[in-house]
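Okay, here's what each chain looks like letter by letter:
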Amino acid sequence: MEIDAPSTSTSSPSKSGGTSDAAATAAVDKSIKIHPLAIIGISDHHTRVITGGSALPPSAPVVGLLFGNQDAHIISIVDAE
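Cut-off values and rules
- Numbering of residues starts from 1 in each chain and follows the order in which that chain's sequence is written.
- Under the rules for a predicted model, residues below a pLDDT of 70 receive no local features and side-chain atom pairs below 80 are neither given nor counted, while totals for whole chains, interfaces and linings still include all residues.
- Note that water and hydrogens are dropped before the side-chain values are worked out from all heavy atoms of the structure.
- Under the scheme used here, helices are H or I runs from DSSP no shorter than 4 residues and strands are E runs no shorter than 2 residues, and both carry numbers assigned from the N terminus.
- Summary of the burial criterion: residues with accessible area below 20% of their type's maximum are buried, those above 50% are exposed, and those between are partly exposed, where the area comes from a 1.4 Å probe applied to protein chains only.
- Any two residues having at least one pair of non-hydrogen atoms within 4.5 Å are treated as being in contact.
- In these tables, accessible area is a Shrake-Rupley quantity obtained with a 1.4 Å probe, and a residue counts as shielded only by the protein chains included in the view.
- Between any two strands, at least two bridges found by DSSP are needed for them to pair.
- The convention used is that axes are lines fitted to C-alpha atoms, helices contributing only their stretch in contact, and that angles between N-to-C directions extend from 0 to 180 degrees.
- Within this document, salt bridges are pairs made up of a side-chain nitrogen of Lys or Arg and a carboxyl oxygen of Asp or Glu, the two lying within 4 Å of each other.

Which parts of the structure should I look at to understand the overall build of the protein chain?
Looking only at helices and strands, one finds 2 helices and 3 strands in the protein chain. When its helices and strands are written in sequence order, the protein chain yields α-β-α-β-β. Taking all 81 residues of the protein chain together, the buried fraction comes to 9%. Excluding contacts between residues fewer than 6 apart, the proportion of contacts in the protein chain whose partners are at least 24 apart in sequence is 41%. For the protein chain, the computed accessible surface area is about 6,500 Å², with 60% contributed by carbon and sulfur atoms.

Next up, the structure:
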């Protein structure tokens, strides 16, 4: 994922829309890795709700849980329910 490099200016934000230090430090390379089993679980749940194979109506929002961990700026999703 590409993110623009943070500005080197340390001045406070102006009323015309300057960049704050918090926004500059938020521009860090981040990565999300999704295990194939999690993708299958998400897809299966969505398909069941939309096609009527669930007790929920087809117009119900699809809600679930993602299981994983975060190591610095890498998020790994390993399973979904």
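So what exactly am I meant to see when it comes to the sheet that holds strand β2 (residues 66–71) here?
Each strand in a sheet pairs with another by means of backbone hydrogen bonds, the pair being arranged parallel or else antiparallel. Read across the sheet, 3 strands follow the order β1-β3-β2 without closing on themselves; strand pairing throughout is mixed. With partners counted over all chains shown, the strands left at the sheet margins are β1 (31–34) and β2, one partner each. Put simply, the sheet's adjacent strands are angled 20 degrees from each other on average, direction ignored. This element, helix α2 (residues 36–51), spans β1, β2 and β3 (74–80) of the sheet and lies at about 55 degrees to β3.

What am I meant to see in unusual backbone geometry here?
Peptide bonds are mostly trans, and most non-glycine residues show a negative phi. At Ala-72, a position not held by glycine, the phi torsion is positive, near 60 degrees. Within the element layout of this structure, Ala-72 appears in the loop between β2 and β3.

Explain the pattern of salt bridges to me, please; I cannot follow it from the model alone.
One side chain can pair with another of opposite charge once the charged atoms of both are near each other. In the structure shown here, the tally under the stated rule is 1 salt bridge. For Arg-48, the salt bridge is made with Asp-44, and the minimal N-O distance between the two is 3.0 Å. With Arg-48 and Asp-44 both in helix α2, this residue pair falls 4 residues apart, about one helical turn. The class of Arg-48 is partly exposed, set by a relative accessible area of 47%.

Explain the pairing of β3 here, please?
Two faces belong to every sheet, and in a regular strand the side chains alternate between them. Note that β1 and β3 share 4 bridges and pair parallel. Directly across from Lys-33, in β3, lies its bridge partner Ser-76. Of the pairings in the sheet, the one linking β2 to β3 comprises 6 bridges and is antiparallel in character. By the bridge assignment for β3, Phe-67 is matched with Asp-79. Counted between consecutive antiparallel strands, the loop separating β2 from β3 contains 2 residues, among which Ala-72 sits at a positive phi close to 60 degrees.

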